[in-house]
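A structural walkthrough
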Amino acid sequence: MFVLYSLIYTLAFLAMLPVFAVSAVVRGKRAAGFFQRLGLFLPKFTPDDRKVVWLHCVSVGEANAARPLVDRLRTEYPNVRLIVSTTTRTGQNLAKEIFKDAAAIFYVPFDWRWTVRRAIRHFRPSLLVILETELWLNLIRESCKAHTRIALVNGRMSERSFKRYAAFKKTMKRLFGYFDRALIQTGADANRFMALGMRASKVKVTGNLKFDHSITQTEEALTEEFRERFALNEGAPLIIAASTHEPEEKLVLAAFHKTWEKTREELPRLMLVPRHPERFDDVARLIADSGFQWVRRSDPPGAEDAAAEVMLLDSIGELRAALPLAEIVFVGGSLIEHGGQSVLEPAAAGKAMITGPYTHNFAAIVEEFVEREALIQLTKDASADFSLALAKEFCALLDRPEKRKGLGERARAAMNNNRGAIDRTFEQLRPLIERSPSDGHKRFH
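Keep in mind that this is a model prediction, so the values were computed, not measured. (Residues numbered from 1 in each chain as written. Predicted model: local features only at pLDDT ≥ 70, side-chain atom pairs only at ≥ 80, totals over all residues. Heavy atoms only, no water.)

**A few points about the pattern of salt bridges**
Taken as a whole and assessed by the stated rule, the structure comprises 26 salt bridges. Here Asp 282 and Arg 285 are joined by a salt bridge, their closest N and O atoms 2.3 Å apart. Within this pair, Asp 282 and its partner Arg 285 are both found in helix α12 (residues 280-288), separated by three residues, close to a single helical turn. A relative accessible area of 40% means that Asp 282 is categorised as partly exposed. Where Arg 320 meets Glu 345, a salt bridge forms, and the shortest distance between an N and an O atom there is 3.8 Å. You can see Arg 320 sitting in helix α13 (residues 319-322) and its partner Glu 345 sitting in helix α14 (residues 344-348), a full 25 residues away along the chain. One salt-bridge network, in which partners are shared between bridges, spans Arg 67, Glu 219, Arg 320 and Glu 345. (Salt bridge = Lys/Arg side-chain N within 4 Å of Asp/Glu carboxyl O. Helix = DSSP H or I, 4+ residues; strand = E, 2+ residues; numbered from the N terminus. Buried < 20%, exposed > 50% of the residue type's maximum accessible area, 1.4 Å probe, protein only.)

This is the structure we're talking about:
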């Protein structure tokens, strides 16, 4: 099966080469780190007697989730060396920003044996920690052959993903055999992993690391910068549309327009935060056509910032700093079949939140928040006109400050009640970190 997988992977790679070439010229996204992903031009690194922990984060969400893990690792094991890989350019940029003093940052190698082996030879990791569910067969298999311990951390698996993996159950069982630990967010997730062949003795439900969210000093300073630059205040309540996907920006702008029509005083302002940076320019054109006064975060500060009715946050990793300034947060990816984005960061900021009906990526969390009356979720019945449904909720929350406050307080309480995942996670990782050094790399002479 591994041979067939490598063949299919190679054919898919060759088919994508023209896309890589076009992206390198037009967008620079998929081509980012291309040579590093071949195992070339990796960060300078000289192995020594110290242990090396390799932390793999797909993108921005996983990098943010890894923050408490990196902080704990640096505090309790200052002599352990940390390396962090990402798959996406946005994840790479954020990792370089938040882990720049803690780790060597690089792109994960393409999933061939020879590219993975190059990275293993270069860094000689003693432990590979994979965030959430990034299951690359050769990365995992070659790491195990090199006597590198492997742990899945903050693992999750939606019902939709489970159905896809179930078609390859025999392969998944073999792959899961390479893991030493599987630290999973919820009991439902754990049951799916075990149904695919992960041994129950390796599985522990440790909770979601994102519940252990904390604001950094850098983010606090950026929050104040946003407050001053855009003249944000309670007299003009801020609505943030966070991590939006196409066509959600169009729907939110339409809802915002309807909200303005019904608001007599304290006109709200809107900040749009698209999920993917390659869409920033498209969203900018959409806002320009809306008729609202607007500005881009990436433009130099100017007098027009204070008067802007719509702001485009076209930057990476700054949403967390903007959230404390909001009165209402719409969490994107939820008006379409994508399955939603995480509600935990706005919850940590104590904000009134609205999502669409499609939240299967975070089903258990959203269900808990709805049960606690800490979140407003639109129903699928509203799909005929999501902009109208959003406008109704915006207006209702703007007219009732006490309702906004109650939603935000209950959301923050739900966050606080679920904290502690970092303690449970680290308790399980400690034996893997402290294991005796291995001479397993002799396989790669």
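**With respect to α12**
Turning to α12, its buried residues are Phe 280, Val 283, Ala 284 and Ile 287. When α12 is viewed along its axis, its buried side chains cluster within an angular range of 105° and face the same direction. Close packing links the buried residues of α12 with α11 (248-262), β9 (269-274), β10 (294-296) and β11 (310-312). (Arc of directions from axis to C-beta. Contact = heavy atoms within 4.5 Å.)

**Some thoughts on the side chain of Lys 210**
Relative to the helices and strands, Lys 210 resides in the loop between β7 (203-205) and α10 (217-229). Look at Lys 210 and you get buried, because its relative accessible area is 16%. Once you skip the residues sitting within four places of it in the chain, Lys 210 turns out to touch Gly 61, Ala 65, Glu 132, Ser 342, Leu 344 and Met 415.

**Focus on the pairing of strand β5 (residues 149-155)**
Where burial is concerned, most of β5 is hidden: six out of the seven residues are buried. By the bridge criterion, five bridges tie strand β4 (residues 127-131) to β5 in an arrangement that is parallel. Note that in β5 the partner of Leu 131 across the bridge is Val 153. Once you follow β4 into helix α6 (residues 137-145) and on to β5, the crossover reads as right-handed. Relative to strand β6 (residues 181-184), β5 is paired through three bridges, and the arrangement is parallel. Among the inter-strand pairings, Ala 151 is bridged to a residue of β6, identified as Arg 181. (Pairing = 2+ DSSP bridges. Right-handed = clockwise from strand over helix to strand, strands pointing away.)

**Here we look at the sheet that holds β4**
Ordered by their spatial adjacency, seven strands build an open sheet running β3-β2-β1-β4-β5-β6-β7, and the pairing between neighbours is parallel. Lying at the two open borders of the sheet, with one neighbouring strand each, are β3 (103-107) and β7. Ignoring strand direction, the axes of neighbouring strands in this sheet form an average angle of 20°. Looking at chain direction, strand β1 (residues 52-57) and β4 are connected through four bridges and run parallel. Counted as the bridge partner of Trp 54 is Leu 128 from β4. Sitting on the sheet, helix α3 (residues 67-76) is in contact with β1, β2 (81-86), β4 and β5, with an inclination near 170° to β1. (Axes fitted to C-alpha atoms, helices over the stretch in contact; angles between N-to-C directions.)

**A look at the packing of α11 against helix α16 (residues 386-399)**
The packing of two helices is summarised by the inter-axis angle and the distance between the axes. Viewed as axis vectors pointing N to C, α11 and α16 meet at an angle of 45°, and their least axial separation amounts to 8 Å. Taken together, α11 and α16 sit at an angle that is classed as oblique. Considering the relative orientation of α11 and α16, their crossing is right-handed. Contact residues: Leu 251, Val 252, Ala 254, Ala 255, Lys 258, Thr 259 and Lys 262 in α11; Phe 386, Ser 387, Leu 388, Leu 390, Ala 391, Phe 394, Cys 395 and Leu 398 in α16. (Parallel < 35°, antiparallel > 145°, perpendicular 65-115°, else oblique. Left-handed = near helix turned anticlockwise from the far one by under 90°.)

**Focus: unusual backbone geometry**
For the bond running from Glu 246 to Pro 247, omega is 5°, close enough to zero to count as cis. With respect to the secondary-structure elements, Pro 247 resides in the loop between β8 (238-244) and α11. One non-glycine residue, His 147, adopts positive backbone phi at about 65°. One can find His 147 in the loop between α6 and β5. Overall, the relative accessible area of 36% leaves His 147 in the partly exposed class. Phi angles above zero are rare outside glycine, and Ala 231 is one such case at about 50°. Note on placement: Ala 231 falls in the loop between α10 and β8.

**Thoughts on the nonpolar core**
Within the largest apolar cluster, 42 residues are counted, with the highest numbers of intra-cluster contacts made by Trp 54, Ile 83, Ile 140, Phe 176 and Phe 179. Leave out the neighbours within four places in its chain, and Phe 179 touches Ile 130, Leu 135, Ile 140, Ile 150, Ala 151, Leu 152, Met 198 and Lys 202. The next biggest cluster of nonpolar side chains, apart from the first, holds 37 residues, and it includes Leu 313, Leu 325, Ala 348 and Ala 411. (Core = buried A, V, L, I, M, F, W, Y, C linked by side-chain atoms within 4.5 Å.)

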